[in-house]
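# Architecture and fold: a report
Below, each chain spelled out in residue letters.
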Amino acid sequence: MGKVFLVAVILAVFIGMVKSMEITEKDLASEESLWNLYERWRSHHTVSRDLSEKQKRFNVFKANVHHIYKVNQKDMPHKLKLNKFADMTNHEFREFYSSKVKHYRMLRGSRAKTGFMHEKTESLPASVDWRKQGAVTGVKNQGKCGSCWAFSTVVGVEGINKIKTGQLVSLSEQELVDCETDNEGCNGGLMENAYEFIKESGGITTERLYPYMARDGSCDSAKMNAPVVTIDGHEMVPENDENALRKAVANQPVSVAIDASGSDMQFYSEGVYTGDSCGKELDHGVAVVGYGTALDGTKYWIVKNSWGTEWGENGYIRMQRGVDTEGGACGIAMEASYPVKLSSNNPKPTPQKDEL
């Protein structure tokens with residue numbers, strides 16, 4: 001009985017804290033009420049600041065609070081919330097969490113021409129969710145490192161490996177960050193480069209063997225030379241074609257790039273995110289793991305992000321599908337790619353010292 005009571009108390013406190021993060025008119029009434037909201041937010045997210053930094057961050061927090069409140073008063077299909085990024089400016093947020101996809105595309109030249117093996121896919125299902133098929137690992141967190149390209153790539157490889165072998169294995173983003181030299185680790189990159197690296201390296205190892213550190217490191221060749229999942233290359237989805245993207249997603253999770261630079265994306269909480277809130281300056285790698293239609297008829301993509309489970313819908317965002325603008329909402333159909341795996345076989349894992 002005592003344990004049940006304790007759990008109930010903890011749950012009640014947690015629910016109270018979550019509700020306390022909702023912005024009310026009382027919170028906006030004065031500097032004092034805003035400061036109290038800031039202190040509650042810091043306590044909830046365990047954010048420590050020294051006195052001078054607190055004042056600076058409070059001013060940023062205030063501006064973000066007003067933006068979130070203003071957007072949530074509108075009749076928008078998505079809502080925002082005071083998440084863990086609430087005392088960061090949008091510029092700081094982009095510096096830490098973007099991958100400069102468009103920048104790397106300009107440096108590397110135009111997209112390579114590939115086949116599109118899913119072109120003849122017909123009778124597409126009305127909805128797809130690869131999470132329900134057990135082909136998607138839990139939401140991960142890239143931290144303050146512009147390595148989203150690595151996370152996007154890994155989602156694709158984890159997915160096709162599950163589809164082909166029946167095994168869901170969490171794979172190593174850090175191996176890509178440290179060892180893939182066509183990209184620049186925490187300074188950004190392209191998913192297609194990472195796919196080619198995995199192919200040419202003979203595969204990729206597990207997250208457990210080569211864990212994520214959220215920083216650039218030296219390539220550990222011993223770990224890299226113990227691949228557990230292989231692919232046979234990658235293909236690009238025809239550019240700016242949402243129907244082609246739907247065909248690809250019906251067959252496997254797909255890596256995509258989006259424009260994630262807006263404040264609405266930074267504070268996204270729930271609902272269908274529309275193209276009205278973003279442009280086409282691709283700066284973030286994510287993965288489409290399904291699609292569907294909301295109760296009001298709005299079509300959407302199910303997108304797995306790498307900003308942790310506290311962001312969005314437990315780490316996911318639903319983005320509007322089938323818009324009348326080239327490239328789709330936030331450019332989601334501009335840089336889509338996926339791994340090709342022809343065989344159900346993988347290399348036999350090499351025993352490591354800690355496993356002997």
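As a starting point, this report considers the structure included with it. (Residues numbered from 1 in each chain as written. Predicted model: local features only at pLDDT ≥ 70, side-chain atom pairs only at ≥ 80, totals over all residues. Heavy atoms only, no water.)

### Side note on the overall build of the chain
Quick note on the threshold: Starting at the N terminus, helices and strands are each numbered in turn, a helix being any DSSP run of H or I of at least four residues and a strand any DSSP run of E of at least two. Between two residues, a contact is recorded if the distance between any of their heavy atoms is within 4.5 Å. Accessible surface area values rest on a Shrake-Rupley calculation with a 1.4 Å probe, where residue burial reflects the displayed protein chains alone.
Of the regular secondary structure elements, the chain holds eleven helices and nine strands. The long-range fraction of contacts in the chain, counting pairs at least 24 apart against all pairs at least 6 apart in sequence, stands at 76%. Accessible surface computed for the chain: about 16,700 Å², of which carbon and sulfur atoms make up 52%.

### Here we look at the state of the cysteines
What is meant by a disulfide is a covalent connection between two cysteines, made through their sulfur atoms. Quick note on the threshold: The definition used for a disulfide is geometric: two cysteine sulfur atoms within 2.5 Å. The classification of residues rests on relative accessible area computed with a 1.4 Å probe and restricted to protein chains. Under 20% of the type maximum is buried, over 50% is exposed, and intermediate values are partly exposed.
In this structure the tally under the stated criterion is three disulfides. Between the sulfur atoms of Cys 179 and its disulfide partner Cys 219 the distance amounts to 2.1 Å. The disulfide joining Cys 179 to Cys 219 has a torsion of about 95° about its S-S bond and is therefore right-handed. With Cys 179 in helix 7 (residues 173-179) and Cys 219 in the loop between helix 8 (191-200) and helix 9 (221-224), the pair connects residues that are 40 residues apart, well separated along the chain. Among the residues examined, Cys 219 registers a relative accessible area of 36% and is labelled partly exposed. For the chain, the disulfide bridges join cysteines in the arrangement 1-3, 2-4, 5-6, where the cysteines are counted in sequence order. Note on Cys 148: no disulfide assigned, nearest cysteine sulfur contributed by Cys 145 at a separation of 8.8 Å.

### A look at helix 10 (residues 242-251)
Under the convention used in this document: In protein, a polar contact means a hydrogen-donor-capable atom and an acceptor-capable atom, both N or O and within 3.5 Å, with residues adjacent in sequence counting only if both atoms are side-chain atoms; elsewhere, any N or O pair within 3.5 Å suffices.
Of all ten residues in helix 10, seven are buried, a share of seventy percent or more. All buried positions along helix 10 are accounted for by Glu 242, Ala 244, Leu 245, Lys 247, Ala 248, Val 249 and Ala 250. Of the surrounding elements, those touching the buried residues of helix 10 are strand 2 (128-129), strand 4 (254-258), strand 6 (284-293), strand 7 (299-304), strand 8 (316-320) and strand 9 (337-340). Where helix 10 begins, the side chain of Asp 241 points an oxygen toward the backbone nitrogen of Asn 243, at a separation of 3.1 Å.

### Concerning unusual backbone geometry
In this model, Ser 123 sits at a positive phi of 50°, which is unusual for a non-glycine residue. In this structure, Ser 123 sits in the loop between helix 5 (101-108) and strand 2. Unlike most non-glycine residues, Ala 214 shows phi in positive territory, near 60°. Here Ala 214 lies in the loop between helix 8 and helix 9.

### Quick look at the pattern of salt bridges
We apply this condition: Salt bridges, as used here, are contacts in which a Lys or Arg side-chain nitrogen is within 4 Å of a carboxyl oxygen on Asp or Glu.
Across all of its chains, the model carries 13 salt bridges by this definition. One salt bridge in this structure joins Glu 53 and Arg 57, with 2.9 Å as the shortest N-O distance. With Glu 53 and Arg 57 both in helix 3 (residues 51-72) and four residues apart, the pair spans about one turn of that helix. Glu 53 sits in the partly exposed class, given a relative accessible area of 23%. In this structure Arg 57 comes out as buried when scored by relative accessible area, which is 8%. The residue Glu 119 makes a salt bridge to Lys 247 at a minimum N-O spacing of 3.5 Å. Placement of Glu 119 in the loop between helix 5 and strand 2 and of Lys 247 in helix 10 is noted, with a sequence separation of 128 residues between them. What makes Lys 247 buried here is its relative accessible area of 13%.

### A look at the packing of helix 2 (residues 31-45) against helix 3
Keep this limit in mind: Under this scheme, a helix contributes an axis fitted over its contacting stretch, all axes are lines through C-alpha atoms, and angles between N-to-C directions fall in the 0 to 180 degree range. An angle counts as roughly parallel when it lies under 35 degrees, as roughly antiparallel when it exceeds 145, as roughly perpendicular when it falls between 65 and 115, and as oblique in every other case. Under the grouping applied here, Gly and all other residues not named as nonpolar or charged are polar, the nonpolar ones being Ala, Val, Leu, Ile, Met, Phe, Trp, Tyr, Cys and Pro and the charged ones Asp, Glu, Lys and Arg.
Their axes nearest at 10 Å, the elements helix 2 and helix 3 cross at an angle of 100°. When the interaxial angle is binned, helix 2 and helix 3 end up roughly perpendicular. Contact residues: Glu 31, Leu 34, Trp 35, Leu 37, Tyr 38, Glu 39, Trp 41 and Arg 42 in helix 2; Lys 54, Gln 55, Arg 57, Phe 58, Phe 61, Lys 62, Val 65 and His 66 in helix 3. Class assignment for the residues of the contact of helix 2 with helix 3 results in eight nonpolar, two polar and six charged.

### Some details on the packing of helix 6 (residues 148-165) against helix 8
Definition in use: Put simply, a crossing is left-handed when the front helix is turned counterclockwise from the back one by less than a right angle, and right-handed when it is turned clockwise.
Where helix 6 contacts helix 8, the two axes come as close as 9 Å, and the packing angle between them is 55°. Overall, the two elements helix 6 and helix 8 adopt an arrangement that is oblique. Taken as a pair, helix 6 and helix 8 cross one another with a handedness that is right-handed. Only Met 191, Ala 194, Tyr 195 and Ile 198 of helix 8 make contact with helix 6, whose side of the interface consists of Trp 149, Ser 152, Thr 153, Gly 156 and Val 157. Partitioning the contact of helix 6 with helix 8 into residue classes produces six nonpolar, three polar and no charged.

### Re the side chain of Ser 152
Assignment of secondary structure puts Ser 152 in helix 6. On the basis of relative accessibility, which here comes to 2%, the residue Ser 152 falls in the buried class. Here the side chain of Ser 152 touches Val 286 through a polar contact of 2.6 Å, landing on its backbone oxygen. Not counting residues up to four positions away in its chain, the partners in contact with Ser 152 are Met 191, Tyr 195, Ser 255, Val 256, Gly 285, Val 286 and Ala 287.

### Points about the packing of aromatic side chains
Each aromatic ring pair is characterised by the separation of its centres together with the angle its planes make. Quick note on the threshold: Here is the rule: rings of Phe, Tyr and Trp (six-membered ring for Trp) pair when centre to centre is within 6.5 Å. Planes less than 30 degrees apart are stacked, more than 60 are edge-to-face, and the remainder are tilted. A ring has a charge above it when a Lys NZ or an Arg CZ is no more than 6 Å from the ring centre and no more than 35 degrees off the ring normal.
One pass over the structure, following the stated rule, counts 18 aromatic pairs. With centroids separated by 6.3 Å and ring planes inclined at 55°, the aromatic side chains of Phe 116 and Tyr 338 adopt a geometry described as tilted. Of the two residues, Phe 116 is situated in the loop between helix 5 and strand 2 and Tyr 338 in strand 9; the sequence distance between them amounts to 222 residues. Each ring, one from Trp 307 and one from Trp 311, has its centre 5.0 Å from the other, and the planes form 85°; the classification is edge-to-face. With respect to burial, Trp 307 and Trp 311 carry one shared label: buried. An aromatic cluster of at least three residues, connected via ring pairs, comprises Phe 85, Phe 93, Tyr 97, Tyr 268, Tyr 273, Trp 307 and Trp 311. Positioned over the ring face of Tyr 38 is Arg 42, at 6.0 Å from the centre of the ring. A cation over an aromatic ring shows up here: Arg 321 above the ring of Trp 301, its NZ or CZ 5.7 Å from the ring centre.

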